[in-house]
Structure formats: structure tokens, C-alpha cells
Amino acid sequence: MPVSLLWAVDVRGRVYRLSTGGQQWEQCHDTKLEFKRVTAATQCCWGIACDHNIYLNVHASDLSIRYQEETYENQRWNPVDGFSERLLPSDRWQWSDVAGLVHQPLDSFDLPSSGWEWEADWYADENFEAEPTEKGGWTYAMDFPATYTKDKKWNSCVRRRRWLRYRRYKARDSWAKIPSAQSALPDPVSDISCGGWEISEEPRGRLSLWAVSLQGKVWYREGIQHHNPEGSSWTEVPVPGEVVQISCGPGELVWAVLWEGQLVVREGIGRDCPSGGSWIGGHWVVVGVNVVWAVTKDNKVWFRRGVNSHNPCGTGWIGMVGEMIMVNVGLNDQVWALGSAERGLYQRQGVTASELSGKAWRALSAPRDSERSHSSASTSSLHSAGCFFTGEVRGQSAASDADSDIERERAASGGSPVPATSDAHVGDPGHAPDPEEDGQPGQSRGPLWSNVDLEETQSQPDPVVEGAPGWAGPDRADTCSLSSVVTYSLALEEEPYGEDGPPMWAWVSGGGCAHVLSFPWTALVQSVQSMSLSISPGQTAAWHQQILEQLGQRSKREMENFKHYEQAVEQSVWVKKGTMQWWRDWKPHKWVDVRFALEQFSGPDGNKDGILFLYYNFNEEKKYLHAFVNEVTIFVPVLNDAKHTFAIYTAERTKQRWPIRLAASTELEMHDWLALLSVSCCDSRGIQGPPSKQAIWSVTCRGDIFVSEPSPALEALPYPTPCEQMFWRQVGGHLRLVEGNSVGVVWGIGYDHTAWVHTGGYGGGIFQGLASSTDNIHTQTDVKSVYIYENQRWNPVSGYTNRGLPTDRYMWSDASGLHECTKTHTTTPSPHWTWVSDWAVDYGVSEGTDREGWQYAADFPASYHGYKTLKDFVRRRRWARKCKLTTTGPWQEVPPIALSDVSILPCAAQSSVEVVPLWAISNKGDVLCRLGVTTLTPAGSSWLHVGTDQAFKSVSIGGASQVWAIARDGSVFFRGSVSTCNPAGECWYHIPSPPKQKLKQVSVGRTSICAVDENGNLWYRKDVTPSYPQGSSWEHISDNVRKVSVGPLDQVWIIADKVQGSHGLSCGTVCHRLGVQPLDPKGQSWDYGIGGGWDHVSIRGNSMDPPRICLPSLTDQSVPARGVPHPAQDPEGANGSAGGC
């Protein structure tokens, strides 16, 4: 799991942070400022210093924060001077924005604060719509404004060019002051709260920051994004009274405490209005994803039940055990608090999605970095080993002890979180309980809602309350003051606080802490870490390898003494039977109940084999199908909304695209059969252990990972091994793509853009016990979005409605419009997935949308655009809902940057490369180079950012460190001067794209470069030589291609969109290009392999040199003709469609 941070401020105003992967509190030593409070997010932390100014601390990262400034230079042609700066009075400015309305000369751009610096000077952009322009970057048009082209024509009277300059944010891991001139806050700030990063469909990296001034006004910070972490300006938000404290959750929840102790809730928060629309009355509060916690004036803790985005006010209050001066809610609704007596730090234990209120408070103890050097010898070894959790909250009153017993009984019973006694009662902000209700006249049970008073003295009398929590009478307003929000006091003279004493905290913020239940800060873990600090990952891997070799040698020595014994059992047979449903091969096609059996037997030599039997009835006659286990090429799960289906392929059925399809009654039964059948096939073929370094990786549209061990004859000329004979076995995990090379470095990327590295293990997922390794299997999570489309047609009476023509698609459908998909009936991809969000409009469609998410077109189906014209009679918008999968596999997460593409240098079979070059594209489009990648440390050490002028989407590195990349606009670039000494290269060279095509993916082999465009065409780059690595032009190879992978021997494999089978078209098929050789690098024809339903294939690990086959002479009668292997069939010919249709 990625490392995250817990932030805290002690009573002296010093800021500390505790890493989930560390052992102690680390003080921020970069400033002498004293802080009052902080509020944290995953990527940054905001704080209020004693000077009442706001400061920002952005976490250091390998990925720099860059912002692109742009302006346009405009010129007009005249007969005397040609193109010049002399414009007509009605023209735009000489230097302007893209619309020509704002005057933007080069010298008008200033750095927004001292935290920024310029990367370089201004330069002209010589890229226009994925094509290189002439020298100087000019584009031409007939007039302003008009459609610009990169070519100058006879009627081109105006021209313009874009100037670019990048600024980089340099204030990382340090407190940077938000400039007052930029802030424009009229008075000092007393409270801040950040959140809003999980607002539905909000762009990634956007934050919401709320502030409260000393005068009780609320301000919202505009423009906080990934490329602008400081934001742009403050906007005042009207409030119904004077506010003393505010809390913002990760989503749409914002609560505030008024001066009188009442609570108000912000409504209308969304993607288009992150600051909300109005306040509604509700009843110290903190807000999470689906929770609200509050602290009253007497330090009692309350939990608000029934809170969600649809009901931000909740339904009622629940009293919690313990007395705290403040609480804070972090990620995943985890709760942190500071004790009222000793100001210790506590975490709420047992907080889960089903029990958001948790079970008990537990103290969190961790040493500070200043304490490590002078800790006494008498300190417990558990304390010195690191941080750990201690017992329950101590020092409570007798009533609190009684409450603790009540809370433990409630947690043990697993019942309702509503307490059963009056000490932990349910309050109502709008209802004042009767003082005589519990038989104690004159006593009120409702504590006063107000701000947490950090300067409250011991002699302050208990408040007199007239109402329930959240209510305060007018005569009690004088008990609060503006100084109550300052985080000082505590009578330091009476209780001296030394460097060696326990920390006394004044504030805590868990907004950047991503752990779900609790930190892995235990005494055992930390003691092990403290003993193994000097052991590197490379040494650990070498140590494991040495132990395995020694165990293997000992096993061989012990078995030598028993060779002369006869086998006790010459042959063993066992059978597993079950009932399933089978999709009948002939008409009428339907599901038929069958009996399924696996008969496996082992011979005296230990070899295993088996037979699959499928018994069915046809015309009241019993019949059966059978398949030998050693002839099966793959067992693969199949997407089916109604049944738990998997397919069985043999070589012949792979060729026909018509597998045996079976359906189990439950998904667990299907997984049991798949695991058993896969292990049986591996045993019959003698395949055990992890995949080899030469393995071929592939991924299905379900995210299932498969691997095939290539034979040396797979690339043999002229008769290679046919693809349909390849055996594929499943590997645990769930990924979107996998890339590797021949030295064993394998990386994968999930649907949520998380990067994973292969640990060298095998199994996981559906494989358990002996079918899976134990030490290299980790928990893996993945999140993906399920999409449905809302379709509407325009009519003259009511405009756009959901009443379509009889020939129209469903008004709620999938992308094709052929299947009806409604919000109610759309389910997760499988029962293993769980919903983690509600349905929301998706604004991230590539063609663009309007403000409501609609796309318009003339008819269904057509080319959609994000704006309405007079000819648009239909429209659609995409709805998305996220679901999450948790599984296991031999994969380890590589934090913290999310990736969209990755490429590893394809090495030769006997390569001696020490550091493996690895390039990647982040989900924001940044190009990255991974440093420190070796066979012993495949995860590498750090990222090196490679500067670009625009966002990229595909990258590939090949032989001689050739790096090619494709931008999001379809333009192609080559990176020059990449070497071992200079892993990031020097500069980008713009390569012209194929005519009228935009490329989407590129793959580079040893000498060959292939690319796929957005229309499914496969292109080959001609004339690539060491002296001219850019090549000369693109040559078309085939169409109907989805993805391409070029290997270290320049072999070409693709995923074909449509391949003709015996019963129809098969989408997503693995295909191999035949006839690829140095004199003919484009190859001759396609050989079709496993399919359909495949999304990705990687051949970049197969560097096995093919054997040389000597062809017999046609006149030599001594050589039998049957000794010549049969060539693979080619149904299409040389450069036809990859799909054969």
C-alpha cells in the first residue's frame, strides 16, 4: 500500500508527520514558524501559523508540478511589408489569448508566488494538430478568426503562432506562504479545512479549501488543482451567522459550527459548483465520506448517523464514550482524536463500512525523531522498536468507565450502534429533552454545541444547557470567544513539558492517511524492521535463491538412497464429477444440463495425464464428448451476465473459434473447476512454478492474466509452430496490461492506473495450496468504471425526450445501443466486484460534452460532439459507476504515481544488462523514466520526469535505446540521445504521422517499429537505421488491429478486432505475423491464435533464437516427404485484413 502521512501539531506549535511506513514522528525542520492547526490531503497539507497566514506544504514526488503558459502572436499580410505586426484597427491584439480578446504580451506573465520558477524561456510551438509546421510554427488563415492550416495558401492574409513557457513548482516538502496580495483576505484566519477530492466526476487533483476568518466569515479557495496547488483566489461564501469552525469531507459534505453553537450544512456541492449553493440548518464537527463527528463544550464525543451525499444532515446523534478536545476524520472515514486530560493521540478502532461509529478508542504512541537519540535504557523494548497501540483510554471518570463497559458490550454483540443507556444517548438537534424525563429534576442531558475551546481551564464550571446537542441559549454566548480557536495554553507552569516527556498534541489531521482499519505500526513489525534496516532487497532476493538451491541439492542427495526400491503403486486414477450446463454446438443453440467428469491418472514414471468427459442426452439417447487434457490449450472465464461461464479450447477448437462452453451453478464452483483443470493441464505438460523469463503475457477483457511458455520453433522459418497449439495458463491478479522482457522484469497496470510489478511467484486468485506460491503472493485491488448511455431524440413539441423512434436504440443502452442497460438492472462484472460509488454523469468522454454531459449527433449511430448544432436531432450522455475488486496474485504495488502505459527494454537472450531501462506514461500524460530497475529489484527506486510540451498516451523503448512515444492528439515523437549514461535522453523529435491518421499506440523491437492508429490500421516505419533512427515514412501492413507488440527478435504479434470463425466473428484474437525476417520485416501473413475476448498481448520477453530448419531437396528421394512439417494456414494472404473478413 502506498505510504501516507498523519499530521499533528504539538502545544508548542511544532508540526510533526508520521508515515505509515516509518517508525517515528518526523518534525518539519524547514521553518521556525509556529502553527496553530493543519489540514491534510493525500498530496499536500495546509496550515495556519501564529501570524494568522496560511501556508502550504506539498509532498515531494518524482513527478514535478508544471504549468503551461501560452500566448499567441498575430500578424497580417500587406503588399509592402508582407506579414508584419501592423494590424487593422478591427483586428485582435498583436499578442493575445487563443480567442484574441485578452491582451497577453510576453512580459505580462509573472510567477504567481515565490514557490514557482521558470523552466526555460519562451519558444514557438511547431506542432499543429499532430503535424509539424514550417520553421517558426506559423499557421495561416484567410482572416481572424477562421480555420487555421499549417500550409500557406494564396489567400492567406493572416497568420499566428503559439508561444509556450513552462513554470515549475519548486516549494516541495517545505512551508510556502500563500501571498497576501493573491489571497485578498480582509482579516486573519482562525480555521481551515480541505477536502472535496472525491466529488462526483471532479477532475483528478482538484481540492476544496474552506477558511474561517476571525470575524466569523467563510471563504472558499478557487482554482486548487494538480498543476496549481496554491489556487488562484478567495471567494467569500455567505453564511447565516458567525462561524467559528468548519469541516469539509472528501466528498460533498461540508458542515460548520456557528457562534451560538448551532450547526449548518452546505447544500448543492457538485462538479460544476464545488463551493455549494446554500446553507441549511443542522445541529466542534468533522466530516468524512459518510460520517460526521462532533465534540461538545464538555468534551463529549458525538456521532451523526444516517449521513450521506443524498442526506447531508443525517438522522440523529449517538453519544460516544471518551472525553476528547477535538476529533478529525481521515480517509476511509477513519477517526483520530486528542484526549482532554493528557492531550494524547487516539485512533478509533473497528471503523468499517458496516459500522462507521467504530468500537473503542485506542492510544497511539510513537517516538519523535528528537527522542531517538536520548531515550533512556529503561524504556521498554517495544517502545524503542517503533510506534504501537496501547490499551484503552485511561484516566476517565467513573461514569466514563461505565460507558466503556457499555460500549464494549455493544461492540461484542454486533448490534445497533445506538447505546442502551442514558450515558450514551441519541440526541436530536431540534428537540430539547424534558429535564424530568430520567427522574433527575433540574438536570439536562444535552451538552452545549460550540467550538472546541483549547484554552479551557480546570476551574471552568460545567455548562448549563437548555436543549439537546447542537442547541445553545442566547445567554450562553459569552462563554465562547475568538481566542478559543487558538491552539495554545495548557498551564505549562503546572505541567512542564520537556523534550523527554510524552508529546502533548494540540491538533491532528488524518486527511492524507490512506489506511483503512489501522496502521501497521506494531511492536513486532517495527522490531523486525529495525533489525533489517541494513538488508537491501537485492540481498534478500539472493538469500532466498541460495536457500532454494540448497534445499534442492539436499532433496537430490536424499533420494539417491531409494532409487533401487520398486514403485509401491504403478498407476493411480482418480475422478472428479459434477453437474453443469453446456452450450450446445448445434441448432437450436441452448443451455443443456450435463454431467461433467475429469479422470486423471499417473503412471509409474510419475507422468500425469487425464481425460475430460461431458455426458448429455440427445433424442433420449445418452452421448458424450471427450477431450484429452494434454490437448487442451486454455481454460478461460467468459463474461456472461446470467451465468458463471468458462470455455475450454483445444487446438482444433481454437482454429474454429468455437470452444466448449460450460456454466457452473455458482462462481465459487466455477473457480474450483478452473483451478483443478488448470493444474491438471500443467501436470500433464510438465509445467510447474512461476512463468519463465521468456514467457508471453496476455490479458483478457475481464482483466484475467494468462501466460504461455514459447517453444523454440515458435519463430522458426519457414514453418513455425502454429499459434493454436500454444498452451496458456492463468496467473492470479487483475490487470489491464502486462509488459515484460527476457531478464524477468515484468510490470502491469490495473484499470485504476495503479502500477504493479511481478514478484516472481505464481498462483494466487483462484489457485490455492500447492498450486500457488506462498511468499510472493500479495493482496491486489482494482477499481474500474461501468458505463451505460442515456439516449434521447428531439421532437418539435417537447424537445429532447426519451421517446425515440421504433427503429432507434434503447433509451438506456450500452455503447453499441444493441443491449438495454438501465441503472437499476446493470450489475457488477461479477459477484467478486462491489459497488463503491453511485451513478454519476461522466464528463471525461474523449469527444467532449456540454455542461450537462450531453453529446450531440445527427442520428444514431454517428459521430458525436460536445456542442449542439441545428442539424443535431439525437443526443446521449454517459453514466459511470465505480466498482472494486479484491484478489490475490504474485504482484506488488509500485507507488505512488498512477500510470496509463509502460514499456521495458526488450533484451537479448544472453543479455548482461545491469540496469533495465523502463519508460512509462502517467495517467496525466507525463513521460517518466524509472531508475534502479534490475533483476533483483524489478520495482526500481525512483522516477525521472522527462519534459514534454503536451500530454502523451503511449511509449515504447526498443533496441539501441530507441524511445518512441505518441501524444494524446495522435502526433508521434522520437526521443534522441537516450543511453545508459543519459537514461532520459536530450530532446524530442516530431515524426510525421501517416497521412490523415492519428496514431494511438506504438511498439519498438530490435530494429522494427510498428504503430496502430485510431482506425485500427497497422503501420510499419521504413528505413530505420542506426545512423537515421527516425526512419523515412510509414507503410501500411494490415487493418482490423487493436494493439501491437514487437519483440526483441522483431517478431510482430497483435490483438485483432474481428476474426472469422466457423460460427461467426471473434473479437479480440491473438495473432502472429508470419514470414518476418531481416529482408522482409513486415512479414507475409497472419497466424491466428487464441480468441476472442483478449485485450492485450506482450511478446517482448521471448528472445529465444529459432532453430534453423534445413529444407530437403525436392530431387532427393532418400528423404521422406512426411518429415517436412506442415506450414501454418493463411486464409487471407499477405497484406490483407488481420481479421480475415
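Keep in mind that what you see is a predicted model, and the values were worked out from it rather than measured. (Residues numbered from 1 in each chain as written. Predicted model: local features only at pLDDT ≥ 70, side-chain atom pairs only at ≥ 80, totals over all residues. Heavy atoms only, no water.)

Description of the overall build of the protein
Each helix and strand counted, the protein has seven helices and 72 strands in total. Considering the protein as a whole, with its 1141 residues, one finds that 51% of them fall into the buried category. Carbon and sulfur atoms form 52% of the exposed surface of the protein, whose accessible area is close to 52300 Å². (Helix = DSSP H or I, 4+ residues; strand = E, 2+ residues; numbered from the N terminus. Buried < 20%, exposed > 50% of the residue type's maximum accessible area, 1.4 Å probe, protein only. Areas by Shrake-Rupley, 256 points an atom, 1.4 Å probe, with all protein chains shown as cover.)

Looking at the pairing of strand β15 (residues 158-169)
Within β15, 10 of the 12 residues are buried, leaving the element largely enclosed by the surrounding structure. Across 11 bridges, the pairing between strand β7 (residues 66-78) and β15 is antiparallel. Across the sheet, Glu73 pairs through a bridge with Arg161, a residue of β15. Relative to β15, strand β10 (residues 116-118) runs antiparallel, the two sharing three bridges. Residue pairing across strands places Glu117 opposite Arg168, the latter belonging to β15. As defined by bridge partners, strand β11 (residues 123-124) adjoins β15 across two bridges and the pair is classed as antiparallel. Along β15, the bridge assignment pairs Ala124 with Trp163. Alignment of strand β14 (residues 139-141) against β15, held across three bridges, turns out to be antiparallel. Within β15, the residue paired with Thr139 across the bridge is Arg160. (Pairing = 2+ DSSP bridges.)

What to know about the packing of aromatic side chains
Overall, the coordinates contain 35 aromatic pairs when judged by the stated rule. Ring centres 6.1 Å apart and planes at 55 degrees place the aromatic pair Phe613 and Tyr624 in the tilted group. Here Tyr624 lies in strand β38 (residues 621-628) and Phe613 lies in strand β37 (residues 608-618), a separation of 11 residues in the sequence. On the accessibility criterion, Phe613 (15% relative accessible area) is buried. On the basis of relative accessible area, Tyr624 is assigned to the partly exposed category, the value being 48%. Where Trp697 meets Trp891, the ring centres are 5.8 Å apart and the plane angle is 65 degrees; that geometry is what we call edge-to-face. (Phe/Tyr/Trp six-rings, centres within 6.5 Å; stacked < 30°, edge-to-face > 60°.)

What about the UniProt feature "domain: Peroxin/Ferlin" (unreviewed entry) in the protein?
UniProt annotation of "domain: Peroxin/Ferlin" (unreviewed entry) refers to residues 64-125, 137-170, 781-842 and 853-886 when read in the numbering used here. Within residues 137-170, the helical portion is 0% and the strand portion 44%, while the C-alpha atoms at the span's ends are 30 Å from each other. The annotated region residues 853-886 carries 0% helix and 50% strand content, and the separation between its end C-alpha atoms amounts to 31 Å. (UniProt positions renumbered as here; feature names shortened; annotations may be inferred.)

Notes on the sheet that holds strand β44 (residues 728-731)
Hydrogen bonds between backbone atoms are what pair the strands of a sheet, whose relative direction is either parallel or antiparallel. Within the open sheet, the four strands sit side by side as β44-β43-β42-β72. Their pairing is antiparallel. In this open sheet, the two edge strands, each paired with only one partner strand, are β44 and β72 (1094-1098). Going across the sheet, the axis of each strand differs from the next one's by a mean of 30 degrees, ignoring polarity. Pairing between strand β43 (residues 705-708) and β44: four bridges, direction antiparallel. Looking at the pairing, Phe706 lines up with Gln730 of β44. (Axes fitted to C-alpha atoms, helices over the stretch in contact; angles between N-to-C directions.)

Points about the sheet that holds strand β17 (residues 189-195)
In space, the four strands of this open sheet follow the order β17-β18-β19-β20, with antiparallel pairing throughout. One side of each edge strand has no neighbouring strand; the edge strands of this open sheet are β17 and β20 (233-237). For this sheet, the mean angle separating the axes of adjacent strands, direction not counted, is 25 degrees. Across six bridges, the pairing between β17 and strand β18 (residues 208-213) is antiparallel. In the sheet register, Asp191 faces β18, and the bridge partner there is Val212.

Remarks on unusual backbone geometry
Backbone torsion omega between Phe144 and Pro145 reads -25 degrees, so that peptide bond is classified as cis. By the element assignment, Pro145 lies in the loop between β14 and β15. Geometrically, the link from Pro895 to Pro896 is a cis peptide bond, its omega value of 0 degrees lying close to zero. As for its placement among the helices and strands, Pro896 is situated in the loop between β55 (891-893) and β56 (899-904). For Asp173, which is not glycine, the phi dihedral falls at a positive 60 degrees. With respect to the secondary-structure elements, Asp173 resides in the loop between β15 and β16 (175-177).

Side note on the nonpolar core
Ranked by internal contacts, the top residues of the largest apolar core, which has 36 residues, are Trp747, Leu899, Trp919 and Trp943. Broken down by secondary-structure element, the contributors of at least two residues to this core are β46 (746-749), β47 (755-758), β56, β57 (918-922), β58 (927-931), β59 (942-946), β60 (952-957) and β61 (963-967). A per-element tally of this core places β57 first, with four residues. Those residues in contact with Leu899 that sit more than four places away from it in its chain are Arg736, Trp747, Ile749, His753, Ala755, Ala920, Ile921, Ser922, Asn923, Leu928 and Trp943. (Core = buried A, V, L, I, M, F, W, Y, C linked by side-chain atoms within 4.5 Å. Contact = heavy atoms within 4.5 Å.)

A closer look at the environment of Gln725
Here Gln725 shows up in the loop between β43 and β44. For Gln725 and Glu631, which are 94 residues apart along the polypeptide, the C-alpha to C-alpha distance reads 8.4 Å.

Here's the deal with the side chain of Arg881
Along the polypeptide, Arg881 turns up in strand β54 (residues 874-889). Look at Arg881: it is buried, it has no salt bridge, and the nearest opposite charge is Asp838 at 4.2 Å. A polar atom in the side chain of Arg881 sits 2.7 Å from the backbone oxygen of Ser837. Sequence-distant contacts of Arg881, defined by excluding residues within four places in its chain, comprise Lys784, Ser785, Val786, Trp835, Ser837, Asp838 and Trp839. (Lys, Arg positive; Asp, Glu negative; His and termini not counted. Salt bridge = Lys/Arg side-chain N within 4 Å of Asp/Glu carboxyl O. Polar contact = N/O pair within 3.5 Å; in protein donor to acceptor, adjacent residues only side chain to side chain.)

Description of the pattern of salt bridges
Under the counting rule described, the total for this entry stands at 27 salt bridges. With its nearest N and O atoms 2.8 Å apart, the salt bridge here joins Asp143 to Arg76. Placement of Asp143 in the loop between β14 and β15 and of Arg76 in strand β7 is noted, with a sequence separation of 67 residues between them. Relative accessible area serves as the criterion here: at 12%, Arg76 is assigned to the buried category. Across the pair Asp704 and Arg702 runs a salt bridge whose closest N-O atoms are separated by 2.8 Å. Judged by relative accessible area, which is 8%, Asp704 ranks as buried. You can call Arg702 buried: its relative accessible area is 17%. In this structure, a network of salt bridges that share partners links the residues Arg17, Glu26 and Asp173.

Description of a nonpolar patch on the surface
A grouping of Trp543, Ile547, Leu548 and Leu551 is seen on the molecular surface, where their side chains present a nonpolar patch of about 410 Å² in accessible area. Its place among the elements puts Trp543 in helix α5 (residues 537-559). (Patch = residues over 30% accessible without salt bridge, like charges linked within 9 Å, V, L, I, M, F, W, Y side chains within 5 Å.)

Thoughts on helix α7 (residues 667-685)
Compared with the 27 Å implied by 1.5 Å per residue over 19 residues, the 27 Å span of α7 between its first and last C-alpha is a close match. Among the residues of α7, Glu667, Met670, His671, Trp673, Leu674, Ala675, Leu677, Ser678, Ser680, Cys681, Cys682 and Ser684 are the ones counted as buried. The first or second residue beyond α7 is Gly686, which carries a positive phi of 70 degrees. (Expected span 1.5 Å × (residues − 1).)

Points about the pairing of β38
Relative to β38, β37 is paired through eight bridges, and the arrangement is antiparallel. Bridge pairing in β38 places Phe613 opposite His626. Taking the residues that link successive antiparallel strands as the turn, the β37-β38 hairpin has two residues, and the phi of Asn619 there is positive, at about 55 degrees.

Overview of the state of the cysteines
Linking two cysteines covalently through their sulfur atoms gives a disulfide. Counted under the stated rule, the structure contains zero disulfides. Left without a disulfide partner, Cys44 is nearest to the cysteine sulfur of Cys194, which lies 5.9 Å away. Assessed through its relative accessible area of 3%, Cys44 is described here as buried. (Disulfide = S-S within 2.5 Å.)

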